[in-house]
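Coordinates in review
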Amino acid sequence: MCSIRGQGFAPGHIRKGVVIKKELGAGAVGGVLATAAMSVVMLAGRRFGVMEEHPPKHITRALMPGPAHRPKPGENVLSFLSHFGFGAVAGSAFAAVARGYRTSAPIGTAYGLAIWLSSYGGWVPSLGILPPISRDYRGRQWVMAVSHVVYGATLAYTLKRLNARKPSGLTSGSRIRGKSGTTRPAPSTASPSHGDDQG
């Protein structure tokens, strides 16, 4: 029977897979928190009369069976779930792209604006759900732009905080995988003992 190591499933590969899953999970958590933050901006926009119904509800309504622009039963719950689900997936995608790099507010802001442009300037108007950004009314333009800036900045900040909790570097008990597939202990950073140099 072949050993696990012989088939290439070394502990290092398993640890790497676990780390990737944790990073994607952190991205999903950051995406949910960022979606909550942007939702506050959208709620404020509607509260002050700057924007009418939230665009995620328009999208959900149009994708549900029946007339695209008529209210449907259950659309509130579905729009809530789809909105946060999309935010979680986008957060995981950001974590995957930014893996190994420090996330910053400018990078997150650019990511949020890219989502806004590709969605509300791309596939959403192409499906006839909402007019493109250039032809949409000014209030919704500003609210959605600002809300996506908040999404991106919150996502980047959350990931930065979550990644700061991870241990960095190799510990003295860690093992390094060589080119031949073998492992060896990582070099210790402790200073050599001088107990035998007396006299």
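Residues numbered from 1 in each chain as written. Predicted model: local features only at pLDDT ≥ 70, side-chain atom pairs only at ≥ 80, totals over all residues. Heavy atoms only, no water.

**Brief notes about the packing of aromatic side chains**
Under the convention used in this document: Two rings from Phe, Tyr or Trp (for Trp, the six-membered ring) form a pair when their centres are within 6.5 Å of each other. A pair whose planes differ by under 30 degrees is stacked, one over 60 is edge-to-face, and the rest are tilted. Here a strand is any run of E in DSSP of at least two residues, a helix any run of H or I of at least four, and the numbering for each starts at the N terminus.
In the structure shown here, the tally under the stated rule is 2 aromatic pairs. Pairing Phe94 with Tyr111 gives two aromatic rings, centres 4.8 Å apart and planes at 45°, and the pair type is tilted. Residue Phe94 is found in helix α3 (residues 75-97), and its partner Tyr111 is found in helix α4 (residues 105-126); the two are separated by 17 residues along the sequence.

**Let's talk about the pattern of salt bridges**
Here the idea is simple: oppositely charged side chains can pair when their charged atoms come close. Cut-off, in case you're wondering: Whenever a carboxyl oxygen of Asp or Glu lies within 4 Å of a side-chain nitrogen of Lys or Arg, that contact is scored as a salt bridge. A 1.4 Å probe rolled over the protein chains alone gives each residue an accessible area, and that area as a share of the maximum for its type sets the label: buried under 20%, exposed over 50%, partly exposed in between.
Tallied over the entire structure, the rule returns 4 salt bridges. With a shortest N-O distance of 3.2 Å, Glu53 and Arg61 are connected by a salt bridge. Overall, the relative accessible area of 22% leaves Glu53 in the partly exposed class. Arg140 serves as the salt-bridge partner of Asp136, at 2.7 Å between the closest nitrogen and oxygen.

**Some words on the packing of α3 against helix α5 (residues 138-164)**
Where we set the bar: Between N-to-C directions, angles span 0 to 180 degrees; the directions come from axes that are lines fitted to C-alpha atoms, helices contributing only their stretch in contact. Orientation categories follow fixed angle ranges, with anything under 35 degrees roughly parallel, anything over 145 roughly antiparallel, 65 to 115 roughly perpendicular, and all other angles oblique. Take the far helix as your reference; a near helix turned counterclockwise from it by less than a right angle gives a left-handed crossing, and one turned clockwise gives a right-handed crossing. In this analysis, two residues are considered to be in contact whenever any of their non-hydrogen atoms come within 4.5 Å of each other. Under the scheme applied, nonpolar residues are Ala, Val, Leu, Ile, Met, Phe, Trp, Tyr, Cys and Pro; charged residues are Asp, Glu, Lys and Arg; polar residues are all the others, including Gly.
The N-to-C vectors of α3 and α5 enclose an angle of 55°; their axes lie 11 Å apart at closest approach. Looking at the two axes, α3 sits oblique to α5. As for the relative orientation of α3 and α5, their crossing is right-handed in sense. Contacts between α3 and α5 pair Gly87, Ala90, Gly91, Phe94 and Ala95 from the former with Tyr151, Leu155, Ala156 and Leu159 from the latter. Of the residues belonging to the contact of α3 with α5, the class tally is 7 nonpolar, 2 polar and no charged.

**A word on a nonpolar patch on the surface**
Filter applied, for reference: Each patch groups residues whose relative accessible area exceeds 30% and which form no salt bridge, using 9 Å between like charges and 5 Å between nonpolar side chains of Val, Leu, Ile, Met, Phe, Trp and Tyr. Only the protein chains shown count as covering a residue, and every accessible area follows the Shrake-Rupley method with a 1.4 Å probe.
Residues Leu63, Phe86, Trp123 and Leu127 make up a contiguous nonpolar surface patch of about 430 Å² in total accessible area. Assignment of secondary structure puts Leu127 in the loop between α4 and α5. For Leu127, a relative accessible area of 52% gives the class exposed.

**What about the packing of helix α2 (residues 55-63) against α4?**
With their axes 12 Å apart at the nearest point, α2 and α4 run at an angle of 25° to one another. When the axes of α2 and α4 are compared, the pair comes out roughly parallel. In terms of crossing hand, the pair formed by α2 and α4 is left-handed. Contacts from Pro55, Pro56 and Ile59 in α2 reach Tyr120, Trp123 and Val124 in α4. For the contact of α2 with α4, the per-class residue count stands at 6 nonpolar, no polar and no charged.

**Some words on α3**
The following threshold applies: For a helix, the expected span equals 1.5 Å multiplied by the residue count minus one.
Taking 1.5 Å per residue, 23 residues should reach 33 Å; α3 reaches 32 Å between its end C-alpha atoms and fits that length. Among all positions of α3, only Glu75, Ser79, His83, Phe84, Gly87, Ala88, Ala90, Gly91, Ser92, Phe94 and Ala95 are buried.

**Quick notes on empty space enclosed by the protein**
Once rolled over the atoms, a probe with the size of a water molecule shows which space is left empty. Worth spelling out the cut-off: Lining residues are those with an atom within 4 Å of a point, where the points come from a 1 Å grid over the protein atoms alone and group into cavities, where a 1.4 Å probe fits but cannot get out, or pockets, open sets with protein on both sides within 12 Å along at least five of seven lines. Grid points are joined across faces, edges and corners, and a volume is the space filled by probe spheres set on the points.
One pass over the full model with this rule turns up 1 cavity of 30 Å³ or more. In this model, the largest cavity occupies a volume close to 80 Å³. As for the largest cavity, its lining consists of Trp116, Tyr120, Val124, Leu130, Pro131, Pro132, Ile133, Asp136, Arg140, Gln141 and Met144. Those elements giving two or more residues to the lining of the largest cavity turn out to be α4 and α5. The residue inventory of the lining of the largest cavity, partitioned by class, reads 8 nonpolar, 1 polar and 2 charged.

**Concerning the environment of Ser104**
Looking at the element boundaries, Ser104 is found in the loop between α3 and α4. Its relative accessible area of 28% is what places Ser104 among the partly exposed residues. When the C-alpha positions of Ser104 and Leu159 are compared, they lie 9.2 Å apart, and in sequence the two are 55 residues distant.

**Things to note about the side chain of Lys57**
Inclusion rule: Note that His is not counted, nor are the chain ends; the positive residues are Lys and Arg, and the negative ones are Asp and Glu. Here a polar contact is recorded for every N or O atom pair within 3.5 Å, except that within protein the pair must consist of a potential hydrogen donor and a potential acceptor, and residues adjacent in sequence are included only if both atoms are side-chain atoms.
Along the polypeptide, Lys57 turns up in helix α2. For the buried Lys57, no salt bridge exists, and the shortest N-O distance to an oppositely charged side chain is 4.2 Å, to Glu53. A polar side-chain atom of Lys57 sits 2.8 Å from a polar atom in the side chain of Asn76.

Taken by themselves, the reported measurements are silent on function.
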